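Summary of structural features
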Amino acid sequence: MNLYIYLFLLFGAVFGLSTFSYRHIFSEGPHQVETTEGGSTLGSRVLWAMVCTFLWPIMLLTGLNSARILARRKRQALAAKH
(Lines give C-alpha, C1' and ligand atoms only; values in the text may rest on other atoms or scores of the structure.)
Protein backbone atom coordinates (compact mmCIF):
# COMPACT_ATOMS: atom_id res chain seq x y z
CA MET A 1 0.00 0.00 0.00
CA ASN A 2 2.86 2.39 0.74
CA LEU A 3 4.18 1.88 -2.77
CA TYR A 4 1.05 3.49 -4.23
CA ILE A 5 1.44 6.49 -1.96
CA TYR A 6 5.11 6.85 -2.88
CA LEU A 7 4.31 6.62 -6.59
CA PHE A 8 1.52 9.19 -6.21
CA LEU A 9 3.88 11.63 -4.49
CA LEU A 10 6.77 10.92 -6.88
CA PHE A 11 4.58 11.47 -9.93
CA GLY A 12 3.27 14.70 -8.41
CA ALA A 13 6.77 16.01 -7.74
CA VAL A 14 7.91 15.20 -11.28
CA PHE A 15 4.72 16.75 -12.64
CA GLY A 16 5.37 19.90 -10.63
CA LEU A 17 8.99 20.22 -11.70
CA SER A 18 8.16 19.64 -15.35
CA THR A 19 5.23 22.07 -15.48
CA PHE A 20 6.82 24.99 -13.63
CA SER A 21 7.24 27.12 -16.74
CA TYR A 22 3.56 26.49 -17.67
CA ARG A 23 2.11 27.14 -14.21
CA HIS A 24 0.00 30.02 -15.53
CA ILE A 25 -2.20 27.45 -17.28
CA PHE A 26 -2.92 25.71 -13.99
CA SER A 27 -3.51 28.73 -11.79
CA GLU A 28 -4.21 32.04 -13.50
CA GLY A 29 -5.83 30.73 -16.65
CA PRO A 30 -4.63 30.65 -20.23
CA HIS A 31 -2.90 34.05 -20.14
CA GLN A 32 0.68 34.10 -18.93
CA VAL A 33 1.50 36.66 -16.26
CA GLU A 34 4.62 38.76 -16.72
CA THR A 35 7.59 37.39 -14.82
CA THR A 36 9.53 39.45 -12.35
CA GLU A 37 12.92 40.94 -13.21
CA GLY A 38 14.75 38.41 -11.07
CA GLY A 39 13.11 35.51 -12.84
CA SER A 40 12.14 32.34 -11.08
CA THR A 41 13.88 31.41 -7.89
CA LEU A 42 14.62 28.02 -6.45
CA GLY A 43 12.08 28.71 -3.71
CA SER A 44 9.28 29.29 -6.19
CA ARG A 45 10.15 26.09 -8.04
CA VAL A 46 10.17 24.11 -4.81
CA LEU A 47 6.85 25.60 -3.72
CA TRP A 48 5.26 24.76 -7.08
CA ALA A 49 6.62 21.21 -6.87
CA MET A 50 5.24 20.80 -3.33
CA VAL A 51 1.81 22.05 -4.36
CA CYS A 52 1.74 19.70 -7.34
CA THR A 53 3.04 16.80 -5.29
CA PHE A 54 -0.20 16.64 -3.36
CA LEU A 55 -2.65 18.23 -5.81
CA TRP A 56 -1.49 16.93 -9.20
CA PRO A 57 -4.85 15.31 -10.11
CA ILE A 58 -6.63 18.64 -9.63
CA MET A 59 -3.86 20.52 -11.41
CA LEU A 60 -4.05 18.08 -14.31
CA LEU A 61 -7.80 18.63 -14.67
CA THR A 62 -7.47 22.42 -14.57
CA GLY A 63 -4.64 22.26 -17.10
CA LEU A 64 -6.72 20.15 -19.45
CA ASN A 65 -9.60 22.58 -19.11
CA SER A 66 -7.33 25.53 -19.91
CA ALA A 67 -5.90 23.64 -22.90
CA ARG A 68 -9.45 23.02 -24.16
CA ILE A 69 -10.29 26.71 -23.79
CA LEU A 70 -7.13 27.73 -25.65
CA ALA A 71 -7.83 25.28 -28.48
CA ARG A 72 -11.38 26.58 -28.84
CA ARG A 73 -10.15 30.20 -28.92
CA LYS A 74 -7.56 29.28 -31.55
CA ARG A 75 -10.21 27.61 -33.72
CA GLN A 76 -12.48 30.65 -33.38
CA ALA A 77 -9.61 32.99 -34.31
CA LEU A 78 -8.81 30.91 -37.39
CA ALA A 79 -12.47 30.82 -38.40
CA ALA A 80 -12.73 34.59 -38.02
CA LYS A 81 -9.75 35.11 -40.35
CA HIS A 82 -11.31 33.08 -43.17
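Figured I'd write up the structure that's included with this text. (Residues numbered from 1 in each chain as written. Predicted model: local features only at pLDDT ≥ 70, side-chain atom pairs only at ≥ 80, totals over all residues. Heavy atoms only, no water.)

1. With respect to helix H1 (residues 2-18)
With 17 residues, H1 extends 24 Å from end C-alpha to end C-alpha; this agrees with the ideal 24 Å at 1.5 Å per step. Listing the buried residues of H1 in full gives Gly12, Phe15 and Gly16. Projected down its long axis, H1 carries its buried residues within an arc of 100 degrees, all on one side. Turned more than 90 degrees off the buried face of H1, the exposed positions are Leu3, Tyr6, Leu10 and Leu17. (Helix = DSSP H or I, 4+ residues; strand = E, 2+ residues; numbered from the N terminus. Expected span 1.5 Å × (residues − 1). Buried < 20%, exposed > 50% of the residue type's maximum accessible area, 1.4 Å probe, protein only. Arc of directions from axis to C-beta.)

2. Considering the packing of aromatic side chains
In the structure shown here, the tally under the stated rule is 3 aromatic pairs. An angle of 20 degrees between the planes, with centres 6.4 Å apart, marks the rings of Phe11 and Phe15 as stacked. Highlighted residues: Phe11 and Phe15, both in helix H1, separated by 4 residues, approximately one helical turn. The exposure class assigned to Phe11 is partly exposed, which follows from its relative accessible area of 42%. (Phe/Tyr/Trp six-rings, centres within 6.5 Å; stacked < 30°, edge-to-face > 60°.)

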